[in-house]
Amino acid sequence: MLKFVQLDELFRSRFFDLAIICIFGLLVRSVYGLLKFLYTGIQYFLLDDFSKDFTDPESDLLTKSSHPNGWAPVALSEQLGVGKILKVHVFGQDIALMRDSSGTVHAVDPYCPHNGAHLGSGEVVKIGGEDCIRCPFHKWSFRAEDGVCIDVPYTRDRKAPKGSSLKKWHCIEVNHFILVWLHNRAQDPSWFVEHLDDVESHGMVYGGKFDYLINCDVYLITENTADYAHFSTVHGKPSFLDEFCRKLLGREKNFLVQTFNNFTWEAASKPESHKAVGIYEPCYTIFGFSLMKGQMKSIHYGPYFLTANLKFWILGLNFELKLVAGYIPIHSNKHKIVYRMYSDKDLLSRLFCRLTLMGLFSNIQYDGHIWQNMIRLKRPLYLKEEKTMINCRRWFLQFDDSTNNNGN
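Values in this document were obtained by computation on a predicted structure and should not be read as measured data.

The rules behind each value
- Residues numbered from 1 in each chain as written.
- Predicted model: local features only at pLDDT ≥ 70, side-chain atom pairs only at ≥ 80, totals over all residues.
- Heavy atoms only, no water.
- Helix = DSSP H or I, 4+ residues; strand = E, 2+ residues; numbered from the N terminus.
- Buried < 20%, exposed > 50% of the residue type's maximum accessible area, 1.4 Å probe, protein only.
- Contact = heavy atoms within 4.5 Å.
- Pairing = 2+ DSSP bridges.
- Axes fitted to C-alpha atoms, helices over the stretch in contact; angles between N-to-C directions.
- Salt bridge = Lys/Arg side-chain N within 4 Å of Asp/Glu carboxyl O.
- pLDDT = per-residue confidence, 0-100.
- Polar contact = N/O pair within 3.5 Å; in protein donor to acceptor, adjacent residues only side chain to side chain.
- Phe/Tyr/Trp six-rings, centres within 6.5 Å; stacked < 30°, edge-to-face > 60°.
- Lys NZ or Arg CZ within 6 Å of the ring centre and 35° of its normal.
- 1 Å grid on protein atoms, 1.4 Å probe; cavity = no way out; pocket = protein on both sides within 12 Å on 5 of 7 lines; lining within 4 Å.
- Points joined across faces, edges and corners; volume = space filled by probe spheres on them.
- Nonpolar A, V, L, I, M, F, W, Y, C, P; charged D, E, K, R; others polar.

Draft legend 1. Structural context of the overall build of the protein chain. Scanning the protein chain for helices and strands turns up seven helices and 19 strands. Among the 408 residues that make up the protein chain, the fraction classed as buried is 44%. Taking the intrachain contacts of the protein chain between residues at least 6 apart in sequence as the baseline, contacts between residues at least 24 apart amount to 56%.

Below, the structure written as structure tokens:
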């Protein structure tokens, strides 16, 4: 009996020691997780820009022969100062951008027709009162307005031979992006991207950006905004509280928390058929009292550019954000996706903007890992419940000249 009591006491002592060790381990793990979370959160708040690279060098071998037609972003406005030249690699080739003395941006083929020197390392000069881009090799100067060579410094009359002009690209600057018109049949622009006054006039303040490189067809990025089902299958079911309450209350109606998600994605009618509009309206309630509701309205301008107006109402507080997104086509199968966000000027709006940007950056990474290993099927098996994805594919066809869709 004494031995049994001693064994029982020993067992309880060891069990107590083990419990203390487990509790201590959990506390250490929790503190570590909290510190890591705070460290990451502080980094996100202090940094204006976040970046992620999903690319696989071998995926560049899958590059198609053509790109969808439309206005394609090639750089951010702040990358190109007045009187400066910027070399960009887009559409599988180099383009030279220059900003003249008036602030207007021009885009030209980068190789000098004289002997092939790259104009990206040239300079911007004034000749006869006109802004020109000067070759770094033999100093031939090409007029920014039309690409014509107007000065060869070492000839008697300073005139260039016939045919010594640069190819000019149609170029515009919208919402702090520089865009170039891409068309596989060399047609002139038939539509333009709309300016956001609040963004360009600084009525709203810049809240930060993130970008990431991805090897995939640009269509997959566009279609993602029309894919309602993936919001639950990839990013977590928006009504997870509903399911919890179903199990808790054991009934199918009168949930403690309800969510309503209105979702539409439709192409605009002519003459604005280059646009497509998506609307997503979430609403969360508890005992009929609204905790949060909002409206996210996105507008696609062709295959490469998107703007969105985000409105939220949370416990009596109103927030409005603007999102501008561009898909820079480095190759037809490789894109740099850039998201920029803007908010009202008050501190609370700025903090909410940062939180929203952090959440968007976190969620988009789930998509990126899928796109990276995904192909675009010629005949996907869409369901009748996926009407928005069908609308997206039909709308996108007007921009797509490619005969090889890199799919089955």
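Draft legend 2. Local environment of the sheet that holds strand β12 (residues 177-182). The three strands are arranged β2-β12-β11 in an open sheet whose pairing can be described as antiparallel. The open sheet is flanked by β2 (70-76) and β11 (171-174), the only strands paired with a single partner. Across the sheet, the axes of successive neighbouring strands diverge by a mean angle of 35°, strand direction being ignored. The pairing of β2 with β12 spans six bridges and is classified as antiparallel. When the bridges of β12 are listed, Ala72 appears paired with Val180.

Draft legend 3. Inspection of the environment of Ser362 at higher detail. As for its position among the elements, Ser362 is in helix α6 (residues 347-371). With relative accessibility at 35%, the residue Ser362 sits in the partly exposed group. In this structure the C-alpha to C-alpha distance between Ser362 and His235, which are 127 residues apart in sequence, comes to 9.8 Å.

Draft legend 4. Just the pattern of salt bridges, in detail. Summed over all chains, the structure comprises 14 salt bridges. Here Lys275 and Glu272 are joined by a salt bridge, their closest N and O atoms 3.6 Å apart. By relative accessible area, Lys275 is classed as buried at 8%. Of the charged contacts, one joins Lys322 and Glu320 as a salt bridge, the two residues approaching to 3.4 Å between their closest N and O atoms. The buried category is assigned to Lys322, whose relative accessible area is 10%. A single network of salt bridges, built from pairs that share partners, joins Glu130, Arg143 and Asp146.

Draft legend 5. Region of interest: the pairing of strand β13 (residues 205-214). Of all the 10 residues making up β13, eight are buried; the element is thus mostly covered by neighbouring parts of the structure. Here nine bridges tie β13 to strand β19 (residues 334-343), and the two strands are oriented antiparallel to one another. Bridge pairing in β19 links Tyr206 to Tyr342.

Draft legend 6. Representation of the confidence of the model for the protein chain. Here the protein chain shows a mean pLDDT of 82. Residues at 70 or above account for 75%. Low confidence marks residues 59-63, where pLDDT is under 50. Its contacts with residues over four positions away, or in another chain, come to 11 contacts. Counting contacts from residues 403-408, a segment whose pLDDT is below 50, to residues more than four positions away or on other chains yields 18 contacts.

Draft legend 7. Representation of the side chain of Lys322. Relative to the helices and strands, Lys322 is located in strand β18 (residues 317-331). At 3.4 Å, the side chain of Lys322 and the side chain of Glu320 are in polar contact. Setting aside chain neighbours within four positions, we find Lys322 in contact with Asp198, Val199, Met204, Ala308, Asn309, Arg340, Met341 and Tyr342.

Draft legend 8. Quick peek at the environment of Val148. Mapped onto the secondary structure, Val148 falls in the loop between β8 (141-143) and β9 (149-151). On the accessibility criterion, Val148 (29% relative accessible area) is partly exposed. Expressed as a C-alpha distance, the spacing of Val148 and Ser165, which sit 17 residues apart in the sequence, is 4.4 Å. Sequence-distant contacts of Val148, defined by excluding residues within four places in its chain, comprise Ser141, Phe142, Arg143, Ser164 and Ser165.

Draft legend 9. Just the packing of aromatic side chains, in detail. Evaluation of the coordinates by the stated rule reveals 18 aromatic pairs. An angle of 65° between the planes, with centres 5.4 Å apart, marks the rings of Trp71 and Trp181 as edge-to-face. One end of the pair, Trp71, is in strand β2; the other, Trp181, is in strand β12, and 110 residues separate them in sequence. Judged on exposure class, the residue Trp71 and its partner Trp181 are both buried. What links up through ring pairs into an aromatic cluster is the set Trp71, Trp181, Trp191, Phe192, Tyr219, Trp265, Trp395, Phe396 and Phe399. When the ring centre of Trp313 is taken as reference, the NZ or CZ atom of Lys293 above it lies at 5.8 Å. Positioned above the aromatic ring of Tyr219 is the side chain of Arg376, whose terminal nitrogen or guanidinium carbon lies 4.6 Å from the ring centre.

Draft legend 10. A look at the layout of surface pockets. When its volume is computed, the largest pocket comes out at roughly 1,200 Å³. Examining the composition of the lining of the largest pocket, we find that nine residues originate from one element, α6, more than from any other. Residue composition of the lining of the largest pocket, grouped by class: 26 nonpolar, 11 polar and three charged.

Draft legend 11. Summary view of unusual backbone geometry. A cis amide bond links Lys270 to the next residue, Pro271, at an omega of 5°. Among the structural elements, Pro271 can be located in the loop between β14 (257-267) and β15 (275-286). Residues other than glycine seldom take positive phi values, yet Arg158 does so here, at roughly 60°. Its location among the elements puts Arg158 in the loop between β9 and β10 (168-169). A positive phi angle is found at Ala186, which is not glycine, with a value near 60°. With respect to the helices and strands, Ala186 occurs in the loop between β12 and α2 (197-200). Residue Ala186 is classed as exposed on the basis of its relative accessible area, which comes to 67%.

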